[in-house]
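Report on the structure
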Amino acid sequence: QEGIENRVAAVVAQDLGWDVEYVWWPHQRGLVRRVLNTGRCDVLVGIPKGYDLVRWTSPYYRSGYVIAYRKDRIAEIRSLDDPQLKTLKVGAQVNTPPHNALGQRGIVGDNVVVYNLMFDPNAHPEEYPGKEIEDLMAGRIDVALVWGPIAGYFQKKKGMSALTLVPIDEPSQPFAFDMSMGVRKADAELQGRLEQALDRKRGEIRA
């Protein structure tokens, strides 16, 4: 419960006079079908706007993938076209926009270290989403292409001031996304109440 989504959920719930009760579920396929649609929970936080398996709210923040590296170890990197990426050891979550972009540039093979996007703490607790940044800081990889909020958490909360984060911005494909809350397709009333709370608390959420 240390993440940005937990803070946002608390702000929205307080506005609506609700108590927050979490349903924890591994990040894996079938989330909507097995959790939201079965009534285990009523709201999914942190889903991309336009995710067609749910009825989504207006977005409450926008973020994207970043190039992360230690400025005390390698030279400056500003884009995925930097020639250093052909020789450095680069980490990326499999089947994400940065991973696909590496393949389009012919950056494959031994210098690319892949990480799982789907996370199951019961089956493989060591493969949690922060592992890529921890490997970067430990020198097991030289560059991490990772979702911005994950990298930002380590930079800010873990005191990793040597960590440099460069947003990936290219016209070829989207690397940044609007993030919303999702409810069941039939829950138009619930969606409306969440929309009103998000609108009332937009300043606090932004802060």
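Throughout what follows, the structure given in this document is the object of discussion.

The next thing to look at is the environment of R33. Its place among the elements puts R33 in helix α2 (residues 31-36). Taking relative accessible area as the criterion, R33 reaches 57% and is therefore assigned exposed. When the C-alpha atoms of R33 and P149 are compared, they prove to be 26 Å apart, with 116 residues separating the residues in sequence.

Now for empty space enclosed by the protein. This model, assessed by the stated rule, comprises 1 cavity of 30 Å³ or more. Reported here for the largest cavity is a volume of approximately 50 Å³. Residue lining of the largest cavity: R70, R73, I74, L136, I141 and D142, and that is the complete set. Considered class by class, the residues forming the lining of the largest cavity number 3 nonpolar, no polar and 3 charged.

In this section: the environment of A176. If you trace the backbone, A176 turns up in strand β8 (residues 176-183). A relative accessible area of 28% places A176 in the partly exposed class. Taking the C-alpha atoms as reference, A176 lies 17 Å from V94; in sequence the two are 82 residues apart. The residues touching A176, leaving out its near neighbours within four places in the chain, are R62, S63 and G64.

The subject of this paragraph is the nonpolar core. Residues V12, I67, I77, L80, I133, V143 and L145 are the most contacted members of the largest nonpolar core, which totals 48 residues. If you tally residues by element for this core, the top one is strand β3 (residues 61-70), at 6 residues. In contact with I67, not counting residues within four places along its chain, are I77, R78, S79, L80, V143, A144, L145, T164, L165, V166 and I168. Listed in part, the 7 residues of the second largest apolar core include L36, C41, I47 and V54.

We now examine the side chain of S63. The residue S63 is located in strand β3 in this model. Not counting residues within four places of it along the chain, the set of residues in contact with S63 comprises W147, G148, P149, F175, A176 and F177.

This paragraph deals with the packing of aromatic side chains. Here the structure, examined in full by the defined rule, presents 5 aromatic pairs. Ring centres of Y22 and W24 lie 4.9 Å apart, and the angle between their planes is 20 degrees; on these two criteria the pair is classed as stacked. Summarising the aromatic geometry, the rings of Y153 and F154 are spaced 5.6 Å apart at their centres and angled 90 degrees between planes, so their arrangement reads as edge-to-face. Using a relative accessible area of 24% as the deciding quantity, one classes Y153 as partly exposed. In this structure an aromatic cluster arises from ring pairing among Y65, W147 and F177.

What follows is about the pairing of strand β4 (residues 90-93). Where burial is concerned, the two faces of β4 agree: the one with V90 and A92 and the one with G91 and Q93 are both buried. Sheet topology places β4 next to strand β5 (residues 112-115); 4 bridges connect them, and they run parallel. Across the sheet, residue G91 finds its bridge partner in β5, namely V113. Of the crossover connections in this fold, the one passing from β4 over helix α3 (residues 97-104) to the parallel β5 is right-handed. Bridge count for β4 against strand β6 (residues 143-147) is 3 bridges, and the pairing is parallel. Across the sheet, the residue bridging to A92 is L145, located in β6.

What counts and how
Residues numbered from 1 in each chain as written. Predicted model: local features only at pLDDT ≥ 70, side-chain atom pairs only at ≥ 80, totals over all residues. Heavy atoms only, no water. Helix = DSSP H or I, 4+ residues; strand = E, 2+ residues; numbered from the N terminus. Buried < 20%, exposed > 50% of the residue type's maximum accessible area, 1.4 Å probe, protein only. 1 Å grid on protein atoms, 1.4 Å probe; cavity = no way out; pocket = protein on both sides within 12 Å on 5 of 7 lines; lining within 4 Å. Points joined across faces, edges and corners; volume = space filled by probe spheres on them. Nonpolar A, V, L, I, M, F, W, Y, C, P; charged D, E, K, R; others polar. Contact = heavy atoms within 4.5 Å. Core = buried A, V, L, I, M, F, W, Y, C linked by side-chain atoms within 4.5 Å. Phe/Tyr/Trp six-rings, centres within 6.5 Å; stacked < 30°, edge-to-face > 60°. Pairing = 2+ DSSP bridges. Right-handed = clockwise from strand over helix to strand, strands pointing away.

This is a description of form; function is not addressed.
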